[in-house]
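In case you want the letters, here they are:
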Amino acid sequence: MKASRVRRGAGVAAAVAALAVAGTVATAPTATAKANLLDITKVSLDKTGLRLDITYSCDTGVDLQMTGYASKVTQSAAGKRNATGTIDASKVTCDYVSRTVRMPLRAAGTGFVKGDKVKVTVFYWDENGAFGTQEETTTAVL
């Protein structure tokens with residue numbers, strides 16, 4: 001009888017420990033493991049250049065701005081086609097929540113036309129522009 005009581009006691013202790021761990025995991029903030037994320041969800045042609053729809057999420061307590069750059073993949077006789085844009089840190093909300101923002105990219109020179117294949121890169125900069133982090137790149141046909 002003693003052996004079965006010991007086994008039952010060990011089983012109860014293991015169950016209590018498992019419940020304690022599960023309770024700790026269930027009550028832990030889910031956002032603490034999140035990093036600074038970027039996702040370019042749409043690239044489209046705009047009157048002044050390109051327009052990017054970006055889904056982002058960043059850690060609380062950081063001030064980041066977003067910068068975007070686009071270039072035509074195949075160059076033509078008309079020359080290079082590039083566009084750049086920035087979203088100021090005051091317009092980027094960092095609180096672990098996934099948000100969507102629209103970034104306009106202004107074209108330099110002749111701009112883009114329908115059918116152009118472009119490579120787009122978006123990344124975070126710290127508020128002072130000292131370092132970049134978390135880069136996302138995609139290629140799209142306008």
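Please refer to the structure higher up on the page.
Just so you know, these numbers come straight off a predicted model, no measurement behind them.

Attention shifts here to the overall build of the chain. Within the chain, the secondary structure is distributed over 1 helix and 7 strands. The order of helices and strands in the chain, counted from the N terminus, is α-β-β-β-β-β-β-β. Put simply, of all contacts in the chain between residues at least 6 apart along the chain, 63% involve residues at least 24 apart. With an accessible surface of roughly 8,800 Å², the chain has 56% of that area assigned to carbon and sulfur atoms.

All right, on to the environment of Y96 then. In this fold, Y96 is placed in the loop between β4 (82-87) and β5 (99-108). For the pair Y96 and Y56, spaced 40 residues apart in sequence, the C-alpha separation works out to 9.1 Å.

One ladder, built from 8 bridges, connects strand β2 (residues 49-57) with β5; its direction is antiparallel. In the sheet register, Y56 faces β5, and the bridge partner there is R99. As paired strands, β4 and β5 are joined by 3 bridges and run antiparallel to one another. For A83, the partnering residue across the bridge sits in β5 and is A107.

In this section: the side chain of D116. Considering the arrangement of structural elements, one finds D116 in the loop between β5 and β6 (117-126). Assessed through its relative accessible area of 5%, D116 is described here as buried. At 3.4 Å, the side chain of D116 forms a polar contact with the side chain of K72. In this structure, D116 is in contact with K72, R81, A140, V141 and L142, ignoring residues within four places of it in sequence.

Rules used throughout
Residues numbered from 1 in each chain as written. Predicted model: local features only at pLDDT ≥ 70, side-chain atom pairs only at ≥ 80, totals over all residues. Heavy atoms only, no water. Helix = DSSP H or I, 4+ residues; strand = E, 2+ residues; numbered from the N terminus. Contact = heavy atoms within 4.5 Å. Areas by Shrake-Rupley, 256 points an atom, 1.4 Å probe, with all protein chains shown as cover. Pairing = 2+ DSSP bridges. Buried < 20%, exposed > 50% of the residue type's maximum accessible area, 1.4 Å probe, protein only. Polar contact = N/O pair within 3.5 Å; in protein donor to acceptor, adjacent residues only side chain to side chain.

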